[in-house]
Structures are given as C-alpha cells and as structure tokens.
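What the coordinates show
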Amino acid sequence: MVKNIKTALSVLIGLFPALFFSQEIKQMTVNEVAQLAIQNHQQLKVSAQNIDIAKQQKDITKLQKLPTITASTSQFYLGNVIAIDKDFSNSTTIPMPHYGSSYGVQATQLIFKGGLVNKSIELAGLREQLSELDFENRKQDIKFLVISNYLDIYKILNQEVVIQNNKKLAQERLKNIQKFYQQGMVTRNEVIRGELAIKNLD
C-alpha cells in the first residue's frame with residue numbers, strides 16, 4: 001500500500017512538475033511593493049470613487065446658479081354647447097371649435113437666496129477636499145504598513161543569515177572541542193554543551 005502511494009506521488013510529480021516546483025521568487029524594492037499594494041487595495045479604490053462622487057455633487061450644486069427653463073403644452077377637445085331656457089322649454093345648440101391647444105415657456109433665474117447657493121458650493125468643495133485628504137491619508141497608511149512589513153521580513157532574513165553563521169561557528173567549535181576531548185584536555189560536559197548549542201540553533 002505504501003509502495004503504491006509512493007508510486008502515485010512519483011507519477012504526479014512527473015506529470016505536474018509545475019505544481020511542485022514552479023514557485024518563482026521575485027525580488028522587489030520597497031517602492032515597488034508599496035505601489036503594488038496601493039494599486040490593489042480595495043479601500044483605496046473606494047476612497048478614489050468618493051472623490052469622483054464629491055466632484056459630481058459640487059458640479060450639481062453649481063447648477064443652481066444657472067437659469068431654469070420649463071416648457072409646457074396641452075391639447076384639449078370641446079364639444080358643442082347646448083343652451084336651455086330657465087323653464088327648459090327651448091334649447092339651442094351652439095357650435096364651438098372642437099380642438100384647441102396651448103403652449104407655454106417659462107424661464108426662472110435665482111436672484112437672491114441669502115447666500116445659500118454659494119455656501120452650498122463651498123460646502124461641496126470642502127467635501128471634495130476631505131475626500132482627497134482621506135484618499136491621501138489611506139495611501140500613506142498603506143505605505144507605512146507595507147514598509148513596516150517589508151522591514152520585518154528583511155530583519156527575519158538577516159536573522160536567518162546570522163543563525164546560519166552561528167551554526168557554522170558552533171559546528172567548528174564542536175569539532176575543536178571533540179579533538180580536545182580525544183586528547184583529554186576537556187571533559188565530556190564541554191562536548192555536550194557544544195551539541196546543545198547546535199540543537200538550540202536548530
């Protein structure tokens with residue numbers, strides 16, 4: 001059974017080497033990592049859309065200063081008029097024009113509203129500035145977070161190099177201690193200490 005599993009794994013590795021060995025290591029600078037994070041951060045995309053919305057609201061508010069024109073039209077139909085005496089004895093039919101229409105155009109311009117429109121435009125402009133500041137703030141937060149993580153990774157990689165160098169030195173030290181032990185210059189405790197030092201590094 002174990003042999004069959006090993007054979008199946010060997011066949012899988014042979015058929016699909018990309019699944020097992022295609023991990024590509026790419027070195028990137030901190031600026032490249034920060035730019036990649038900024039391009040793909042969802043919250044930053046939302047903040048950018050908020051800026052566009054604030055600009056559109058500002059443009060809509062400015063439209064209140066422009067004149068507004070309204071046009072109207074109506075069509076109607078009239079039947080003939082019947083006139084009847086007070087005692088209902090006589091009736092007369094009076095012909096009327098049957099179709100009629102009316103058209104109207106009205107233009108209005110805001111003259112004074114106590115500065116409300118100007119203040120609304122200023123408020124919309126402030127909202128736009130706040131959206132831009134929020135965008136820049138989020139951008140800086142993302143950069144700081146990326147740089148912090150980047151430096152943490154760099155520190156870990158340096159620690160790994162230091163540990164590997166310490167392990168090499170500990171192995172050399174153990175070889176020397178074993179030689180001294182064979183010559184009777186040190187006790188077995190020194191050898192055990194050297195071995196423990198390597199185990200701790202592992």
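No experiment lies behind these values; they were computed from the predicted model shown.

**So, the layout of surface pockets**
Taken as a whole, the largest pocket spans an internal volume of roughly 280 Å³. For the largest pocket, the full set of lining residues is Ile25, Lys26, Gln27, Met28, Val33, Tyr150, Ile153, Tyr154 and Leu157.

**Observations concerning helix α5 (residues 116-182)**
Its 67 residues place the ends of α5 97 Å apart at the C-alpha level, agreeing with the 99 Å of an ideal helix rising 1.5 Å per residue. In this fold, the buried residues of α5 make contact with α3 (30-40), α4 (42-62) and α6 (188-201). Just past α5, the residue Gly184 takes up positive phi, approximately 80°.

**A closer look at the packing of aromatic side chains**
We describe a pair of aromatic rings using the distance from one ring centre to the other and the angle between the two ring planes. Enumeration according to the criterion identifies 1 aromatic pair in this entry. For the ring pair Tyr77 and Tyr99, a centre distance of 5.4 Å and an interplane angle of 65° mean the geometry is edge-to-face. On the criterion of sequence distance, the pair formed by Tyr77 in strand β1 (residues 68-77) and Tyr99 in strand β4 (residues 99-108) is long-range, its members being 22 residues apart. Exposure class is identical for Tyr77 and Tyr99. Each is exposed.

**Some points on the pattern of salt bridges**
Tallied over the full model, the rule gives 6 salt bridges. Of the charged contacts, one joins Lys167 and Asp202 as a salt bridge, the two residues approaching to 2.8 Å between their closest N and O atoms. Of this pair, Lys167 sits in helix α5 while Asp202 sits in the segment after α6, and the two are 35 residues apart along the sequence. For Lys167, a relative accessible area of 23% gives the class partly exposed.

**Quick notes on the packing of α3 against α5**
It is the contact of α3 with α5, at a shortest axis distance of 9 Å, that shows an interaxial angle of 135°. As far as their axial angle goes, α5 and α3 are oblique. For the pair α3 and α5, the sense of crossing is right-handed. Each of Val30, Val33, Ala34, Ala37 and Ile38 in α3 lies in contact with α5, whose residues at this interface are Lys139, Ile142, Lys143, Val146, Ile147 and Tyr150.

**Section: the pairing of strand β2 (residues 81-84)**
Direction of pairing for β2 relative to strand β3 (residues 91-94): antiparallel, over a ladder of 4 bridges. Counterpart to Ile82 in the pairing with β3 is Thr93. Hairpin connection of β2 to β3: 6 residues between the antiparallel strands, including Phe88 at a positive phi of 65°.

**Focus: the nonpolar core**
Residues Ala34, Ile38, Leu44, Ile51, Phe135, Ile142 and Val146 constitute the largest nonpolar core, which totals 7 residues. Looking at this core, the elements with two or more residues in it are α3, α4 and α5. Per-element accounting of this core gives the leading share, 3 residues, to α5.

Procedures and definitions
Residues numbered from 1 in each chain as written. Predicted model: local features only at pLDDT ≥ 70, side-chain atom pairs only at ≥ 80, totals over all residues. Heavy atoms only, no water. 1 Å grid on protein atoms, 1.4 Å probe; cavity = no way out; pocket = protein on both sides within 12 Å on 5 of 7 lines; lining within 4 Å. Points joined across faces, edges and corners; volume = space filled by probe spheres on them. Helix = DSSP H or I, 4+ residues; strand = E, 2+ residues; numbered from the N terminus. Expected span 1.5 Å × (residues − 1). Contact = heavy atoms within 4.5 Å. Phe/Tyr/Trp six-rings, centres within 6.5 Å; stacked < 30°, edge-to-face > 60°. Buried < 20%, exposed > 50% of the residue type's maximum accessible area, 1.4 Å probe, protein only. Salt bridge = Lys/Arg side-chain N within 4 Å of Asp/Glu carboxyl O. Axes fitted to C-alpha atoms, helices over the stretch in contact; angles between N-to-C directions. Parallel < 35°, antiparallel > 145°, perpendicular 65-115°, else oblique. Left-handed = near helix turned anticlockwise from the far one by under 90°. Pairing = 2+ DSSP bridges. Core = buried A, V, L, I, M, F, W, Y, C linked by side-chain atoms within 4.5 Å.

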